[in-house]
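Letter by letter, the chains look like this.
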Amino acid sequence: MTTTVLRYQVKPERAEENQQLILAMFAELDEGELDGFTYKVFRLEDGMSFIHVCIEHDIADPDSLQAVPAFQAFMADLAGRCAVPPLATQATVVGGYR
């Protein structure tokens with residue numbers, strides 16, 4: 001199981017646009033019912049910081065988040081929306097509940 005955590009901060013005037021792109025991505029994911037990963041996005045209290053957590057499960061022939069058109073649209077101008085550039089790190093799940 002591989003876990004990637006992505007953290008960044010968007011420009012204040014681009015925060016709502018960023019959230020709408022994320023919501024569009026989740027709407028498309030819900031329609032596709034993809035297997036092989038868990039994906040969560042958090043918007044922090046400051047309203048401009050976002051944290052994405054993607055957990056890739058160990059299954060045969062998993063679907064790819066990269067293949068989702070709404071994810072591609074989200075990623076297309078992420079750097080342009082950011083005040084603080086994205087930082088991706090690998091993480092280890094220590095525990096969880098539901």
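Since the structure is predicted, the reported quantities are computational estimates derived from the model, not experimental observations. (Residues numbered from 1 in each chain as written. Predicted model: local features only at pLDDT ≥ 70, side-chain atom pairs only at ≥ 80, totals over all residues. Heavy atoms only, no water.)

Here is the key point about a regular strand: its side chains alternate between the two faces of the sheet. Here strand β2 (residues 37-43) runs beside strand β3 (residues 49-56); their pairing, made up of seven bridges, is antiparallel. Considered in β3, the bridge of Phe-42 is made with Ile-51. The hairpin turn running from β2 into β3, its antiparallel successor, is five residues long, and Gly-47 in that turn takes a positive phi close to 85°. (Pairing = 2+ DSSP bridges. Helix = DSSP H or I, 4+ residues; strand = E, 2+ residues; numbered from the N terminus.)

Bringing the packing of aromatic side chains into the picture now. For the structure shown, the criterion picks out four aromatic pairs. Between the aromatic rings of Tyr-8 and Phe-50, the centroid separation amounts to 5.7 Å while the plane-to-plane angle is 15°, which identifies the pairing as stacked. Remark: Phe-50 occurs in strand β3 and Tyr-8 occurs in strand β1 (residues 2-10); sequence separation between them is 42 residues. Like Phe-50, Tyr-8 is buried. On the basis of an interplanar angle of 35° and a centroid distance of 5.7 Å, the ring pair of Phe-26 and Tyr-39 is categorised as tilted. A residue pair is termed long-range when its members are at least 10 positions apart, and Phe-26 in helix α1 (residues 15-32) and Tyr-39 in strand β2 qualify at 13 residues. An aromatic cluster of at least three residues, connected via ring pairs, comprises Phe-26, Tyr-39, Phe-71 and Phe-74. (Phe/Tyr/Trp six-rings, centres within 6.5 Å; stacked < 30°, edge-to-face > 60°. Buried < 20%, exposed > 50% of the residue type's maximum accessible area, 1.4 Å probe, protein only.)

As a further point, take the pairing of β3. Taking burial as the measure, the eight residues of β3 include seven buried ones, the bulk of the element. By the bridge criterion, eight bridges tie β1 to β3 in an arrangement that is antiparallel. The partner of Leu-6 across the bridge, within β3, is His-52.

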